[in-house]
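# Structure at a glance
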Amino acid sequence: MMTPKADQTARDALFGKLGHNVLTILFFLVAIIYPWLVGLNPYYLEIGFNFWLWSLLALSLNVVLGGPGLYNLGQAAFFAVGAYTTALMNTLLGWPIFLLLPVSMLTAAIFGYIIARPIIHLRGDYLLIVTVGFAEIVRLALRNNMFGITGGANGILGIARPQLGPWTFTSNLDFYFLSLLYVLLAMWVWRQLEHSRVGRAWAYIREDELAAESVGVNTAAYKTLAFVVGASLAGAAGNLYATKMTVIAPESFSFWDSVVMFAIVILGGRGSIPGIFLGTFAMVVLPQLFRGLESYRMLVFGAAMVAMMIIRPQGLWPKDMRFRWRRPLTEGGEGR
Amino acid sequence: MIMIGQQLLNGLTIGSIYALIALGYTMVYGVLKLINFAHGDLFAVGAFLGSSVILFGLSQAGLPSLIVLVLTLLLIAFFVAVLGVMIERIAYRPVRSAGRLPALVSALGVSIVLQNGIMLIWGARPRAFPSHILPEYKWNVFGILISWTQLGILLLSFLLMISLYVFVQKTRTGAALRAIAVDQQTAQLMGIHVNKLIRLVFIIGPALGGIAGVMVGLYYGQIIFTMGWSYGLKAFTVAILGGIGNIPGAMVGGLLLGVIESLAAGYISGNWKEVISFIVLILILLVRPTGLLGERVAEKI
């Protein structure tokens, strides 16, 4: 076993800024040629789409969980709001899908603000259970056909495909690249925020909220902002999902979906984009590839979650390795 | 008036079951600061094992039903406690030093394993619980009907809750439990065996949860493998309502939620029953962010 320092130096040599960039470019090159690597097989393109969709959802949750470090186990609610906004305004008003992208993001963001504002002062686990509660309320409201327009348990059908000029997105290949584009945009948003004043405030809150507050960081505002940004990205994912499936139902936005998003972010390593891709691969792609095992699949899946946390509690690809060695010195520190 | 009385009684019955489950959450949270998501599924394991044990006891062993019931409750408490201790040892202790999020994901993983384990063993469809083990007779008290099952649930759960309260408040072990909830490191320095006490928490909580599982089976006569999730979430809501880490809080919260829920189901609509617990939770947290009976443990941090 290498000493922490040697480990760090080795990592720096391997994944220094340059190495990191090379890896990023390689990753996206593979992502672009992936459809042809799998011979345009629709099944594998579908898996590719799911990979990007869930990466996008995990990126949206990561803004909250990897930003100020708030426990949010109800992200599926914002996903649902985005998807239903797109579905309703498309089927009822006939608005085009791409126009509904900003609309869905805005609706989800407003929703995120309304939910987060009154509960933002709650401590970690209280916040967690309240987000679970809100997500359940949203799902049940949709299922009980609250406004008489959500279609109840059957959901909404006949959502249009996105159009760009004369060209309509229909095939799995089209949606593969569309989803990739959404993910790139979400990554860009996260990168911009991460290295800004906002990102630094989030990091401060994550590490020590009391200290952040005592030097004048408006913690409530920054925490709410994280919820709003995260919600709007989940709203974008909802827009993408609705138009891909053309049919949506409340059961696609259950607690289970929130758990998967949560597990991806923690399993990959909070705040780390490569971690999110690895986490999505482990949580979404692997189970789909092992569909043959059927009923035992979920059993193995749960056991693997436990095993991963025992073997690598800091995540598969943590944002900053050095953190791990500093961690034991400061008791607590995260999301109280 | 009679309808209110009946709804109150039904609410107290289901509320005392919520309280029993919530005790498991609140005790684990008190000592580990962990939301034990697997607890609800341990409760479901109790219900399913209970149905099998009762069927076996009645048909194979041919014992009188009251003896079968008592033996079942003891057996279930024992088995679910063993399962709880195993889970703590395998899935929680190794991640204890890594902070709270890995433990949370680990707990979610255990929950998935248990839920799917139940599904593989007993099947995915709802299962009839042998609830006929207790006599069908109902007493009529001023127009309010009380069944044997309700009476049994109320008496047993109150007995268990009072014993637990006395144990935690009056015995040396109870004092040690309270000590590790406040400050584990200091407690350890005072010669308290922290791991042993955590194991004790994972004996008491799951045992109570398992018994609650049998009670739900007896009361509703039907069980399904996802019940751990819905009851678990409600019980956790109860724990937060009362102030998490606070044992009397869990009892008060359970009874309160049970009553509110059954009144709402009776007067508003059954469709929204599931939502009511969350709305109550959110409203109470807005007014009292630490729950009804407050929370001394986390306040100091």
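Conventions and cut-offs
Residues numbered from 1 in each chain as written. Chains lettered and ligands numbered in written order. Predicted model: local features only at pLDDT ≥ 70, side-chain atom pairs only at ≥ 80, totals over all residues. Heavy atoms only, no water. Helix = DSSP H or I, 4+ residues; strand = E, 2+ residues; numbered from the N terminus. Rg over C-alpha atoms; globule rule 2.2 N^0.38 Å. Buried < 20%, exposed > 50% of the residue type's maximum accessible area, 1.4 Å probe, protein only. Contact = heavy atoms within 4.5 Å. Areas by Shrake-Rupley, 256 points an atom, 1.4 Å probe, with all protein chains shown as cover. pLDDT = per-residue confidence, 0-100. Buried area = accessible area lost by both parts, 1.4 Å probe. Salt bridge = Lys/Arg side-chain N within 4 Å of Asp/Glu carboxyl O. Polar contact = N/O pair within 3.5 Å; in protein donor to acceptor, adjacent residues only side chain to side chain. Axes fitted to C-alpha atoms, helices over the stretch in contact; angles between N-to-C directions. Left-handed = near helix turned anticlockwise from the far one by under 90°. Nonpolar A, V, L, I, M, F, W, Y, C, P; charged D, E, K, R; others polar. Phe/Tyr/Trp six-rings, centres within 6.5 Å; stacked < 30°, edge-to-face > 60°. Lys NZ or Arg CZ within 6 Å of the ring centre and 35° of its normal. UniProt positions renumbered as here; feature names shortened; annotations may be inferred.

This part covers the overall build of chain B. Scanning chain B from N- to C-terminus turns up 12 helices and four strands. Relative to its length of 301 residues, chain B is compact, with a C-alpha radius of gyration of 19 Å against a globular reference of 19 Å. By its C-alpha atoms, chain B is 55 × 45 × 35 Å across when sized along the principal axes. The proportion of buried residues among the 301 residues of chain B is 55%. Pairs at least 24 residues apart make up 78% of the contacts formed inside chain B by residues separated by at least 6 positions. As presented, chain B carries roughly 12,500 Å² of accessible surface, and 68% of it is formed by carbon and sulfur atoms.

It is worth spelling out the confidence of the model for chain A at this point. With 88% of its residues at a pLDDT of 70 or more, chain A shows a mean pLDDT of 87. In this model, residues 321–336 of chain A is a region of pLDDT below 50 whose contacts with residues beyond four sequence positions or in other chains number 31 contacts.

Our next topic: the interface of chain A and chain B. At the interface, 42 residues of chain A touch 45 residues of chain B. When chain A packs against chain B, the two sides together hide about 3,800 Å² of surface, and 80% of this comes from carbon and sulfur. Counting the surface chain A buries against chain B, the share from its top three residues, Asp125, Tyr126 and Ile129 of chain A, is 18%. Taken together, chain A and chain B are joined by one salt bridge. The interface formed by chain A and chain B holds two residue pairs in polar contact (both at pLDDT 80 or more) in total.

Moving on, we get to the packing of helix α1 (residues 2–32) of chain B against helix α5 (residues 148–170) of chain B. Residues and elements named next belong to chain B. Two numbers describe how α1 lies on α5: the axes approach to 9 Å, and their chain directions differ by 35°. In this structure, α1 meets α5 at a crossing whose hand is left-handed. Residues Leu9, Asn10, Leu12, Thr13, Ser16, Ile17, Ala19, Leu20, Leu23 and Met27 of α1 pack against Gln150, Ile153, Leu154, Ser157, Leu160, Met161 and Leu164 of α5. Partitioning the contact of α1 with α5 into residue classes produces 12 nonpolar, five polar and no charged.

This part is about the packing of aromatic side chains. In the structure shown here, the tally under the stated rule is 32 aromatic pairs over all chains. With a centroid separation of 6.2 Å and an interplanar angle of 35°, the aromatic rings of Phe255 of chain A and Phe37 of chain B are classed as tilted. Of the two residues, Phe255 of chain A is situated in helix α11 (residues 255–268) and Phe37 of chain B in the loop between α1 and α2 (39–61); the pairing between them involves two chains. Note on Phe255 of chain A: relative accessible area 12%, which makes it buried. Each member of the aromatic cluster is reached from another via a ring pair, and the members are Phe27, Phe28, Tyr34, Trp36, Phe51, Trp52, Tyr176, Phe177 and Phe277 of chain A. The aromatic ring of Phe49 of chain A is capped on one face by Lys244 of chain A, whose charged end is 4.9 Å from the ring centroid.

Quick look at the UniProt feature "transmembrane region" (unreviewed entry) in chain A now. All names here are of chain A. Per the UniProt annotation, the sites labelled "transmembrane region" (unreviewed entry) are residues 21–37, 43–63, 95–114, 126–142, 173–190, 224–242, 262–286 and 298–317. Spanning residues 126–142, this segment combines 100% helix with 0% strand, and its end C-alpha atoms are found 24 Å apart. This span, residues 298–317, is 70% helix and 0% strand, and a straight line between its end C-alpha atoms measures 24 Å.

The next subject is the pattern of salt bridges. Where charged atoms of side chains with opposite charge meet at close range, the side chains can pair. Counted under the stated rule, the structure contains nine salt bridges over all chains. Put simply, Arg100 of chain B and Asp125 of chain A hold a salt bridge, and the shortest N to O gap is 2.1 Å. With Arg100 of chain B in helix α4 (residues 100–122) and Asp125 of chain A in helix α6 (residues 124–143), the pair connects residues from two separate chains. An identical accessibility class is assigned to Arg100 of chain B and Asp125 of chain A; each is buried. Here Arg96 of chain B ties to Glu88 of chain B by a salt bridge, and the two come within 3.0 Å at their closest N and O atoms. Take Arg96 of chain B: its relative accessible area is 27%, and that puts it in the partly exposed class. In this structure, a network of salt bridges that share partners links the residues Glu136, Arg139 and Glu251 of chain A.

What follows covers the environment of Gln288 of chain A. Tracing the sequence through the fold places Gln288 of chain A in helix α12 (residues 273–289). Setting aside anything within four residues of it in sequence, one finds Gln288 of chain A in contact with Tyr43, Ile47, Asn50 and Arg297 of chain A.

For Asn239 of chain A, the position within the fold is in helix α10 (residues 219–245). Sequence-distant contacts of Asn239 of chain A, that is, excluding residues within four places in its chain, are made with Gly82, Ala83, Thr86, Ile97, Leu100, Leu101, Ser104 and Tyr182 of chain A.

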